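The lines below spell out each chain.
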Amino acid sequence: YVYLSPAEAAREYKDIQEVLKMYRASCLLADYVIKKGMIDETERDVYEYGFQIGIELGGFVLYCIALTAYMDMWIGGALFFLVFAPLRAYAGGLHLERFHSCFILSCLTYSAVLALVKYVQAPQIPVFLLVIAFGAAVYILYPVENKNRKVDEEEDRYFRKKLCIFLGLHFGLAAFCLAMGWDK
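Keep in mind that this is a model prediction, so the values were computed, not measured.

Asks: It is not clear to me how the packing of aromatic side chains should be interpreted in this structure. Could you clarify?
Replies: In the structure shown here, the tally under the stated rule is eight aromatic pairs. The interplanar angle of 50° and the centroid separation of 6.1 Å between the aromatic rings of Y47 and F51 together place this pair among those described as tilted. Note that Y47 and F51 are positioned in helix α2 (residues 44–71) at a spacing of four residues, about one turn of the helix. Y47 sits in the partly exposed class, given a relative accessible area of 32%. Aromatic side chains F60 and Y110 sit 6.4 Å apart centroid to centroid with 80° between the ring planes, which places their arrangement in the edge-to-face category. Highlighted residues: F60 in helix α2 and Y110 in helix α4 (residues 99–119), separated in sequence by 50 residues. Grouping aromatic residues by their ring pairs yields a cluster made of F60, F80, F81, F84 and Y110. A cation sits over an aromatic face here: R160 above Y139, 4.9 Å from the ring centre.

Take a look at the structure:
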């Protein structure tokens, strides 16, 4: 028997309510496509999961588009996704337990990067050295695997190779920007 304090119980209840809302929305969408004859009932679980991930990711994308428009940073926003998406795909990253925690951290990360690019002026050489240092740290730490997805040796080689290619392109782009004198 596990005892939770009232505050912990309230947090757990809120988390369960959030999961249920997302689940209900994904169930409604799955019901709709089944009713329309677009999928079989046997595929329900896969589509419910896909709809739930789509809703969660869609919320983040809408936030990013709204912030990008508000800050008028279309190029910065696009570059963030060109750099961050492959890095996240091939190097892994932090996996939070709950959607709202992940959503908040993702939104804060995106907001912070755009704000830094827009409002902070830094000398080019130190920034270039930071890019190299952070890239090296990503390669050394390389946390592709997590408790929900084990990676075998073949996948590990594949991800590491893709990460090396991506980091090479990233360093090349940073060097090109440095050579061109671009400071943003």
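Asks: Where do I start with the pattern of salt bridges in this structure?
Replies: When the charged atoms of two side chains lie near each other, side chains of opposite charge can form a pair. Tallied over the full model, the rule gives three salt bridges. Across the pair D31 and R44 runs a salt bridge, and its minimum N-O distance is 2.5 Å. One end of the pair, D31, is in helix α1 (residues 6–35); the other, R44, is in helix α2, with 13 residues separating them in the sequence. When its relative accessible area of 36% is taken as the criterion, D31 is described as partly exposed. When its relative accessible area of 16% is taken as the criterion, R44 is described as buried. For E48, the salt bridge identified is with R44, shortest N-O distance 2.9 Å. Of the two residues, E48 and R44 are both situated in helix α2; the distance of four residues between them amounts to about one turn of the helix. Of the two residues examined, E48 and R44, each falls in the buried class. A single salt-bridge network, built from bridges that share partners, covers D31, E41, R44 and E48.

Asks: Help me understand the side chain of S111 in this model?
Replies: When you line up the elements, S111 lands in helix α4. For S111, a relative accessible area of 18% translates into the label buried. In contact with S111, other than residues within four places in its own chain, are Y63 and L67.

Asks: Can you help me understand helix α5 (residues 124–141) in this one?
Replies: One full turn of an α-helix is made of 3.6 residues, so residues set three or four places apart face in the same direction. Look at α5: 25 Å from first C-alpha to last across 18 residues, which is about the 26 Å you get at 1.5 Å a residue. One or two positions beyond α5, positive phi appears at Y142, with a value near 30°.

Asks: I would appreciate a short explanation of the packing of α2 against α4 in the present structure.
Replies: Between two packed helices, the angle of one axis relative to the other and the distance separating the axes together describe the packing. The geometry of α2 relative to α4 is characterised by a closest axis approach of 11 Å and an angle of 20° between their N-to-C directions. By the criterion of interaxial angle, the relationship of α2 to α4 is roughly parallel. In this structure, the crossing between α2 and α4 has a hand that is right-handed. Where α2 abuts α4, its residues E56, G59, F60, Y63, C64, L67, T68 and M71 lie against F99, F103, S106, C107, Y110, S111, L114, A115, K118 and Y119.

Asks: Any chance you could explain unusual backbone geometry here in plain terms?
Replies: Apart from glycine, the bulk of residues carry a negative phi angle, and the bulk of peptide bonds sit in the trans form. Phi angles above zero are rare outside glycine, and D72 is one such case at about 50°. By the secondary structure assignment, D72 is in the loop between α2 and α3 (74–91).

Asks: Is there a simple way to explain the environment of V61 in this structure?
Replies: Topologically, V61 is positioned in helix α2. Judged by its relative accessible area of 34%, V61 is partly exposed. Expressed as a C-alpha distance, the spacing of V61 and C107, which sit 46 residues apart in the sequence, is 9.5 Å.

Asks: How should helix α6 (residues 153–180) be read in this particular structure?
Replies: For α6, which comprises 28 residues, the first-to-last C-alpha distance of 40 Å matches the rise-based estimate of 40 Å (1.5 Å per residue) to within 8%. Backbone geometry just downstream of α6 places G181 in the positive-phi region, at approximately 80°.

Analysis parameters
Residues numbered from 1 in each chain as written. Predicted model: local features only at pLDDT ≥ 70, side-chain atom pairs only at ≥ 80, totals over all residues. Heavy atoms only, no water. Phe/Tyr/Trp six-rings, centres within 6.5 Å; stacked < 30°, edge-to-face > 60°. Helix = DSSP H or I, 4+ residues; strand = E, 2+ residues; numbered from the N terminus. Buried < 20%, exposed > 50% of the residue type's maximum accessible area, 1.4 Å probe, protein only. Lys NZ or Arg CZ within 6 Å of the ring centre and 35° of its normal. Salt bridge = Lys/Arg side-chain N within 4 Å of Asp/Glu carboxyl O. Contact = heavy atoms within 4.5 Å. Expected span 1.5 Å × (residues − 1). Axes fitted to C-alpha atoms, helices over the stretch in contact; angles between N-to-C directions. Parallel < 35°, antiparallel > 145°, perpendicular 65-115°, else oblique. Left-handed = near helix turned anticlockwise from the far one by under 90°.

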